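# An overview of the molecular structure
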Amino acid sequence: MPSPVNYTLTGDIGVITIDHPPVNALSLAVRQGIMDSLDAAAGDASRAVLIICEGRTFCAGADISEFGKPPEEPWLPAVVNRIEAFDKPVVAALHGTALGGGFEIALGAHYRCALASAKIGLPEVRLGLLPGAGGTQRTPRLAGVGAALDLMTSGVPVDAHRALAAGLIDRVFDADLADAAMAWIAELVDEDAGPRRASELPIAAHDGGIFDQYRARLAKKARGQVAPQAIVDCVEQAAMTEFADGEAFERETFMKLMAGDQSAALRHFFFAEREAAKVEGLAMGAQTRPIESVGIIGGGTMGGGIAMSFANAGFAVTLVEISDEALDRGLSIVDRNYTGSVKRGKLSEDAAAANRARIAGSTDYANLADVDLVIEAVFEDPGLKKEIFARLDGTCKPGAILATNTSYQDVDAIAAVTGRPQDVIGLHFFSPAHIMKLLEVVRGEKTADDVLATCMQLAKRLRKVPVVSGVCYGFIGNRMLRPYGKQVQLLLLEGASPGQIDAAMEGFGMAMGPLRVFDLAGLDVGYKARQALPDEMKGDPATYRVPELLVEAGRLGQKSGAGFYRYDDDGKPIPDPAVDEIIERTAQEFGIERREIGDDEIVECLLRALVDEGRKIVAEGIAQRESDIDVVYVYGYGFPAWRGGPMHYGAAAGL
Ligand code: T1G
Ligand code: NAD
């Protein structure tokens, strides 16, 4: 196998070119190739060395596929240190996304330049790790303690100009990176600018309390996660000890994280998310249909958010409602959401205005005649949905994709009312649709491959994470929510309070405890859905009597000011003795003996419910693989990614 690293002497500059698609990850061959190139540069007439990459990006990090295996020499820290120790000036030229170990290679170089479009970052924390090739020691020396802590504990990349301002790079070029870098190196050589080593820089003065401030902030923001705290420890060491001691501390801490459960879970999730985009039996380059214009039917909670998702991604959107006042109401929600995004700094005024302008309102289905894709998001009423699809069948052009955003209805039954079932699919967005990344792509019995491939590609354009589901009641996520919800109800009757159950699950890492989630979604949603079910599908009445009594008492959840909790004016949940009384009375009604229940038992019982249902979903072929279920539950239901997802956690915990 030819080395992915090539060395040439161009004039008096040695050029190390890395070409290891798709992202120039620092595999063993790349690391070895860099070392071999440095051997050559040490012995030739070169007066300086350039490190540059082919393809779409500078090295995007250590090779994650090598993790978990015994590290093979040359180790990445040794490569970085060899670059830094080189006695000729070494320049790194960055483009694309220079991330993790890739940016650490650049930090080892003596000078750094980048294309204006480049981004640099240290996202190791997202893998439950920390920059383990000197990054925690060199970054604070170049950019200061605060900027280093922000960059590494957030894992969020910064653009070239921000990196320049922070002192992390020295030059930004607008085009022709290689030429500009070579010209710059010639200047450096003419000025006799020698090696400049970040490890020799002192740490700029800073407030000694900054470390504990970060620890306290991260204990909330990254509750339960070990890597962010470890990064603070490493930067504190950089500020307090010699480089070599700090580097040794970093290495030891890195190895501990690498061996830990949280990094294993996050690395699993990194690949799970990418795997989910691959559909068995559907070639990656499968034929797709052009999608430029989109029609959305129903401008309610979901329709408005879906319209924004498409408008924000540059599509022309026609939002169709049943009447002018319904349309005005729907569009005013959209306007309010855009105003909110601008206020929160998510969008500039201009961008919000441009996106909003892409959404046209209508009450006339004839306006959908030429759109490439329609998404129906009307009430969760099977009859109404079938009526609408029959109408679309007669209105939309041949080849238009007809999608439903239904949470539970049978996509095959909806497809069957049209003469084009091959063009029908489910696109199940999650609320709020312009924010939640998960998109369940529901493949009907007759859905054509190119329709499926088109929707998978569309998800990427919407910056959503797609997961393919077969047709069943609740698809993947909502189907798993049912047994989970049933166990919650049984735990309540057996002695756990709403507050205890939520605290136990939030302590486990869930973004929000189940009773708060039910109150947020509205207890009437489940109540109505249950009314539509035949008795045999309702299950054990003990699993829904309490929420039924709450709804019948007008306690619909947060929307009515009370559900399982009471809510004060700013929506804070307050435990309510009236609810405890209803629970105790219902337990008696079912003859259930109440007892003390520990948090661990609550967590295990609820996770077991998720894992058992997840296994059935894979066994039935509704989900392609267990890791897809992890992606659904992390992105759609706030399961902590640092636990890997319910299936990964269940396997690791032996549930
Ligand atoms: N190692 C191995 N494979 C990688 C990879 C990596 N670091 N990054 C991406 N890939 C593969 C990915 O699996 C996919 O493969 C293909 O490249 C395209 O990726 C010591 C230890 C770079 C922003 O965390 O953030 O350095 O599916 O679909 O959307 O301190 O990939 O095509 O077969 O994501 O354009 C730190 C992780 C590692 C960066 C590109 N680096 N990667 O996004 O494409 S830890 C990271 C990304 C580290 C050192 C430590 C993104 C991207 P396939 P993609 P994309
Ligand atoms: P909603 O009640 O908020 O909005 C439904 C909208 O459809 C209303 O504005 C109504 O005026 C409109 N409508 C009704 N009949 C119509 C017709 N013939 N033509 C055009 N518009 C019509 O409902 P929602 O919460 O937005 O849910 C919509 C769909 O999305 C449902 O199938 C629901 O199951 C699904 N869904 C909801 C959520 C959620 O959390 N709310 C999440 C995912 C999916």
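None of the values given here were measured: they were computed from a predicted structure.

## Focus on the site of ligand 1
Contacts to ligand 1 come from 27 residues, most closely from Arg-56, Gly-101, Glu-104, Glu-124 and Arg-274. Here an oxygen atom of ligand 1 sits 2.8 Å away from a polar atom, N or O, in the side chain of Arg-56. Between ligand 1 and the protein, one listed contact pairs an oxygen atom with a side-chain N or O atom of Arg-274 at 2.8 Å. Alone, ligand 1 offers 1000 Å² of accessible surface; in the complex the protein occludes 74% of this. Contributions of two or more residues to the shell around ligand 1 are made by β5 (97–99), α3 (101–108) and α11 (261–276). If you tally residues by element for the shell around ligand 1, the top one is α11, at 3 residues. In terms of residue class, the shell around ligand 1 is made up of 16 nonpolar, 5 polar and 6 charged.

## Quick notes on the packing of helix α18 (residues 477–494) against helix α19 (residues 498–508)
Two numbers describe a pair of packed helices, the interaxial angle and the distance between the axes. Their axes nearest at 9 Å, the elements α18 and α19 cross at an angle of 130°. What the angle tells us is that α18 and α19 run oblique. Crossing angle aside, the handedness with which α18 passes α19 is right-handed. Taking contact as the criterion, the partners of Tyr-484, Val-488, Leu-491 and Leu-492 in α18 are, on α19, Pro-498, Ile-501 and Met-505. Among the residues making up the contact of α18 with α19, the classes are represented as 7 nonpolar, no polar and no charged.

## A look at the domain arrangement of the protein chain
Segmentation of the protein chain into domains returns domain 1 (5–259), domain 2 (293–469) and domain 3 (477–621). Averaged C-alpha coordinates put domain 2 and domain 3 at centres separated by 30 Å.

## Details of empty space enclosed by the protein
On inspection of all chains with the given rule, the structure shows 1 cavity of 30 Å³ or more. Considering only enclosed or pocket space, the largest cavity measures out at about 30 Å³ in volume. Residue lining of the largest cavity: Val-125, Gly-128, Gln-225, Val-226, Ala-227, Pro-228, Gln-262, Leu-266 and Trp-642, and that is the complete set. Every element with two or more residues in the lining of the largest cavity is listed here: α9 (227–240) and α11. Partitioned by chemical class, the residues of the lining of the largest cavity number 6 nonpolar, 3 polar and no charged.

## Brief notes about the site of ligand 2
With respect to spatial proximity, 23 residues lie near ligand 2, and among them Met-302, Glu-321, Tyr-365, Glu-380 and Lys-385 are the closest. Within the side chain of Glu-321, an N or O atom sits 2.5 Å from an oxygen atom of ligand 2. At 3.3 Å from an oxygen atom of ligand 2 is found a main-chain nitrogen or oxygen belonging to Val-378. Contributing elements (two or more residues each) for the shell around ligand 2: α12 (301–312), α15 (382–395) and β15 (424–429). The greatest single-element share of the shell around ligand 2, amounting to 3 residues, is contributed by α15.

## So, the sheet that holds strand β6 (residues 111–115)
Spatially, β1-β2-β3-β4-β6-β9 is the arrangement adopted by the 6 strands of the open sheet, whose pairing is mixed. This sheet does not close on itself; its edge strands, each paired only once, are β1 (5–10) and β9 (171–173). Strand after strand, the sheet turns through a mean of 20° between neighbouring axes, direction not considered. By the bridge criterion, 6 bridges tie β1 to strand β2 (residues 13–18) in an arrangement that is antiparallel. Paired with Asn-6 across the bridge in β2 is Thr-17. The sheet strands contacting helix α1 (residues 28–43) are β1, β2 and β3 (48–53), and the helix crosses β1 at an angle near 20°.

Rules of the game
- Residues numbered from 1 in each chain as written.
- Chains lettered and ligands numbered in written order.
- Predicted model: local features only at pLDDT ≥ 70, side-chain atom pairs only at ≥ 80, totals over all residues.
- Heavy atoms only, no water.
- Near = heavy atom within 4 Å.
- Polar contact = N/O pair within 3.5 Å; in protein donor to acceptor, adjacent residues only side chain to side chain.
- Areas by Shrake-Rupley, 256 points an atom, 1.4 Å probe, with all protein chains shown as cover.
- Helix = DSSP H or I, 4+ residues; strand = E, 2+ residues; numbered from the N terminus.
- Nonpolar A, V, L, I, M, F, W, Y, C, P; charged D, E, K, R; others polar.
- Axes fitted to C-alpha atoms, helices over the stretch in contact; angles between N-to-C directions.
- Parallel < 35°, antiparallel > 145°, perpendicular 65-115°, else oblique.
- Left-handed = near helix turned anticlockwise from the far one by under 90°.
- Contact = heavy atoms within 4.5 Å.
- Domains from an automatic or database assignment.
- 1 Å grid on protein atoms, 1.4 Å probe; cavity = no way out; pocket = protein on both sides within 12 Å on 5 of 7 lines; lining within 4 Å.
- Points joined across faces, edges and corners; volume = space filled by probe spheres on them.
- Pairing = 2+ DSSP bridges.

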